[in-house]
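One letter stands for each residue in the lines below.
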Amino acid sequence: ALACALYSAAVSVKMSALLYAPAWYVVLASRGGHRGAIAGVALCACVQLALGAPFLLTNPAAYATRAFDLGRAFKHKWSVNFRWVPCAPRDLETALEDCDGPFSSTWFKATTLAAHATLLVVFAGRRWCRRHGGLLAFFRAPRRRLAPLAE
């Protein structure tokens with residue numbers, strides 16, 4: 001329960017913690033089955049509601065639309081992993097974009113999201129859930145008895 005609360009607090013501070021959510025679910029389900037994992041996710045949601053309560057009580061519509069804005073644009077100048085992607089600086093920088101080119105295109109954003117999701121599924125099946133017999137076997141029975149890890 002403490003780990004779920006801390007994870008949810010991390011998400012409220014920096015949304016990039018959501019990238020750990022699939023692995024977090026695998027950990028929760030392997031410990032407590034899918035029911036335990038869903039209870040952990042519900043606890044995370046309750047923590048989010050508690051942390052967001054002051055904003056939800058003041059302006060719920062603005063909080064709901066802005067707190068987890070998944071459609072926002074990222075600035076090239078703050079990018080760490082994609083500095084190599086071409087980006088022509090703009091003369092007049094907007095609040096959302098600081099350049100023109102592939103980095104600021106919708107195609108690039110959709111492709112990186114699809115690549116991330118694909119790699120998560122592959123990694124989950126071959127690494128996280130390998131001892132369970134793969135990803136599909138894990139979803140059928142996440143808490144089945146496992147052989148000890150071979151060194």
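In this text, all values refer to a predicted model and were calculated from it rather than measured experimentally.

Calculation criteria
- Each chain has its residues counted from 1, running along the sequence as written.
- Only residues with pLDDT of at least 70 get local features here, since the model is predicted, and only at 80 or more are side-chain atom pairs given and counted; chain-wide, interface and lining totals rely on the full set of residues.
- Remark: hydrogens and water are excluded; side-chain values derive from all non-hydrogen atoms of the structure.
- Runs of E in the DSSP output that reach at least two residues are strands. Runs of H or I that reach at least four are helices, and both are numbered from the N terminus.
- Three labels apply to residues, based on accessible area from a 1.4 Å probe with only protein chains included: buried if under 20% of the type maximum, exposed if over 50%, partly exposed otherwise in between.
- Residues are treated as being in contact if the distance between any of their heavy atoms lies within 4.5 Å.
- Here, Shrake-Rupley sampling with a 1.4 Å probe gives the accessible areas, and only protein chains in the shown set may cover a residue.
- Stacked, tilted and edge-to-face are the three classes applied to pairs of Phe, Tyr and Trp rings, where Trp contributes its six-membered ring and a pair requires centres within 6.5 Å; stacked means planes under 30 degrees apart, edge-to-face means over 60, and tilted covers the rest.
- Expected helix span is taken as 1.5 Å per residue step, with the number of steps being one fewer than the number of residues.
- The directions from the helix axis to the C-beta atoms are what the arc is built from.
- pLDDT gives the predictor's per-residue confidence on a scale running from 0 to 100.
- Fitting a line to C-alpha atoms yields each axis, with helices limited to the stretch in contact; the angle taken between N-to-C directions then spans 0 to 180 degrees.
- Orientation labels follow simple angle bins: below 35 degrees gives roughly parallel, above 145 gives roughly antiparallel, 65 to 115 gives roughly perpendicular, and whatever is left gives oblique.
- Working rule for handedness: look at the near helix, and if it is turned counterclockwise from the far one by less than a right angle, call the crossing left-handed; if clockwise, right-handed.
- Under the scheme applied, nonpolar residues are Ala, Val, Leu, Ile, Met, Phe, Trp, Tyr, Cys and Pro; charged residues are Asp, Glu, Lys and Arg; polar residues are all the others, including Gly.

A. Looking closely at the overall build of the chain. The number of helices and strands found in the chain is 5 helices and 2 strands. Out of the 151 residues in the chain, the part that is buried amounts to 23%. For the chain, the proportion of contacts with a sequence separation of at least 24, taken over those separated by at least 6, is 39%. About 11000 Å² of surface is accessible on the chain, with carbon and sulfur atoms providing 67% of the total.

B. Fine view of the packing of aromatic side chains. According to the stated counting rule, one finds 7 aromatic pairs in the structure shown. Relative to F139, the ring of Y25 lies with its centre 6.4 Å away and its plane at 20 degrees, an arrangement referred to as stacked. Pair noted here: Y25 is in helix α2 (residues 21-58) and F139 is in helix α5 (residues 135-140), with a separation of 114 residues, a long-range link. Judged by its relative accessible area of 21%, Y25 is partly exposed. A residue is classified by how much of its surface remains accessible, and F139, at 43% relative accessible area, is partly exposed. Taken together, a centroid distance of 6.1 Å and an interplanar angle of 50 degrees make the contact between F82 and W84 tilted. Residue F82 is classed as partly exposed on the basis of its relative accessible area of 30%.

C. How the structure looks around helix α1 (residues 2-13). The first and last C-alpha atoms of α1 sit 17 Å apart over 12 residues, in line with the 16 Å expected at 1.5 Å per residue. Buried residues of α1: C4, Y7, S8 and V11, and no others. Along the axis of α1, the buried residues cluster in a sector spanning 95 degrees; they form a single face. Every exposed residue of α1 that faces more than 90 degrees away from the buried side is listed here: L2, L6 and V13.

D. Up close: the confidence of the model for the chain. Per-residue pLDDT for the chain has a mean of 81; in total, 85% of the residues score no lower than 70. A low-confidence stretch, residues 147-151 stays under pLDDT 50, and its non-local contacts, those more than four residues away or across chains, total 2 contacts.

E. Representation of the environment of Y25 in the model. Between the C-alpha atoms of Y25 and A37, which are 12 residues apart in sequence, the distance is 6.2 Å. When near neighbours in sequence (up to four residues on either side) are disregarded, Y25 contacts H34, A37, I38, V41 and F139.

F. Quick look at the packing of α1 against α2. Where α1 meets α2, the axes come as close as 8 Å, and the angle between the chain directions of the two elements is 55 degrees. Taken together, the axes of α1 and α2 are oblique relative to one another. Here the hand of the crossing between α1 and α2 comes out right-handed. Facing A3, C4, A5, Y7, S8, A9, V11 and S12 of α1, the residues of α2 in contact are A21, W24, L28, G40, L43, C44, V47, Q48 and L51. Grouping the amino acids of the contact of α1 with α2 by side-chain chemistry returns 13 nonpolar, 4 polar and no charged.

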